[in-house]
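Residue-level listing of the chains:
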Amino acid sequence: MSTTVSVSDASPASPAPPVLAEAVRSGFTESRHRGSLVVLGPDGAVEWSLGEVAAPVFPRSCVKPLQAAAVLRAGAELSGERLALAAASHSGEPFHLDLVRKLLAEHGLTEDELTCPPDLPLDRTEAERWLAAGGRPSRAAMNCSGKHTAFLAACDANGWPRAGCLDPGHPLQLLVRETVEAAAGEPVAHTGTDGCGAPLFAFSLTGLARAFRALVLAEPGSPERRVADAMRAHPEYVAGTRRADTLLMRGVPGALAKMGAEAVQAVALPDGRALAFKIEDGAARALGPVTARALERMGTAVPVPAGLADAPLTGGGERVGEIRATF
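What counts as what
Residues numbered from 1 in each chain as written. Predicted model: local features only at pLDDT ≥ 70, side-chain atom pairs only at ≥ 80, totals over all residues. Heavy atoms only, no water. Salt bridge = Lys/Arg side-chain N within 4 Å of Asp/Glu carboxyl O. Helix = DSSP H or I, 4+ residues; strand = E, 2+ residues; numbered from the N terminus. Buried < 20%, exposed > 50% of the residue type's maximum accessible area, 1.4 Å probe, protein only. Pairing = 2+ DSSP bridges. Contact = heavy atoms within 4.5 Å. Axes fitted to C-alpha atoms, helices over the stretch in contact; angles between N-to-C directions. Expected span 1.5 Å × (residues − 1). Arc of directions from axis to C-beta.

Is there a simple way to think about the pattern of salt bridges in this case?
Pairs can form between side chains of opposite charge whenever their charged atoms are close. Per the counting criterion, the structure on display carries 20 salt bridges. Note that R82 and E106 form a salt bridge whose closest N and O atoms lie 2.6 Å from each other. Pair noted here: R82 is in helix 2 (residues 80-86) and E106 is in helix 3 (residues 94-106), with a separation of 24 residues, a long-range link. The class for R82 is partly exposed, based on a relative accessible area of 24%. The class for E106 is partly exposed, based on a relative accessible area of 47%. Here D156 ties to R162 by a salt bridge, and the two come within 2.7 Å at their closest N and O atoms. In the salt-bridge network here, residues are joined through shared partners; they are D123, E126, R129 and R242.

Looking at this model, I keep getting lost on unusual backbone geometry. Mind explaining?
The phi dihedral of S26 is positive, around 55 degrees, even though this residue is not glycine. Looking at where S26 falls in the secondary structure, it is placed in the loop between strand 1 (19-25) and strand 2 (28-40). We note that R60 has phi near 50 degrees; this positive angle belongs to a residue other than glycine. Here R60 is to be found in the loop between strand 4 (56-57) and helix 1 (64-73).

Would you take a moment to explain the sheet that holds strand 5 (residues 190-193) for this structure?
In sheet architecture, strand pairing relies on hydrogen bonds along the backbone and comes in two forms, parallel and antiparallel. Strand order across the open sheet formed by three strands is 4-6-5, with antiparallel pairing between neighbours. Taken across any chain shown, the strands that pair with only one partner, and hence form the sheet edges, are strand 4 and strand 5. Direction of pairing for strand 4 relative to strand 6 (residues 199-204): antiparallel, over a ladder of two bridges. Each bridged residue has a counterpart across the sheet, and for V57 the counterpart in strand 6 is F203. Where helix 7 (residues 205-217) meets the sheet, its contacts fall on strand 4 and strand 6, and the angle it forms with strand 6 comes to roughly 105 degrees.

Would you take a moment to explain helix 6 (residues 171-184) for this structure?
Each full turn of the α-helix corresponds to 3.6 residues, which orients residues three or four apart in the same direction. The end-to-end C-alpha distance of helix 6, which contains 14 residues, comes to 20 Å, matching closely the 20 Å that a straight helix rising 1.5 Å per residue would cover. Among the residues making up helix 6, those that are buried are L172, Q173, L175, V176, T179, V180, A183 and A184. For helix 6, the angular spread of the buried residues around the axis is 155 degrees, confining them to a single face. Exposed side of helix 6, more than 90 degrees from the buried face: E178 and A182 are the residues found there.

Right under this line is the structure:
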């Protein structure tokens, strides 16, 4: 038996967010990507915004720097490239995998003990090389393997059980939640599960921008500042040699950047300005152009790296258009 829902029974639809980027092919706009974006000024106040920036979103891997800060608070011994890897969505390049394996060995762990699922390298070029060499999905190749190694190290440092360490009620995840709420300046609105199996906490884009601002302005030597400093000193371990976050952190001195799945991006500048946005349809292809345009409007001390905004569309192997920001 079917049920008919009248218009009066339906909840009011939220206004569609504005178009942040469009795909222009051969001079014709064929697709549009809507989203919401917030920019904070040096004092932490909202300087300007587009769309709905107070509603909760899943920040996905943008939350990894805060998870890494919680791991340090729990007493795990990590620094330098190892700490950057704990906050990473790494590409699965050989140097990433080498460090994951070293980190496991240093903490008396094996790859089979990792709590993330087996996967191929995140970077397409690396995934193709992996498969061509006869490789299969592995836990170490999964882009969150550094974080999961750090989770287990934190459990061992405190005598917490490794089993169930991804349960939202586990002491480690309670500490992660506390760290997230303190940095974001707001309570978690919803708890879900990320692609790697870790708890995922929803909060607003404004809270995400505040959290990244808190990371770069934290006291030197604090867990938050140690994470920010490690990421900025070793950006290739946060992402990879062909990734936008690496390009941005190398090209804009003092910038802290982290993307997340479903097209979420957060960036903080050393003077306390910060931005966060989400593309409504989850299209990652819009991340670079939107990030570049937002930074240009904010005004950085150096030009935004040209490659960040360049997102070409091809036809027959030739460039015939681009994804470009619209604001």
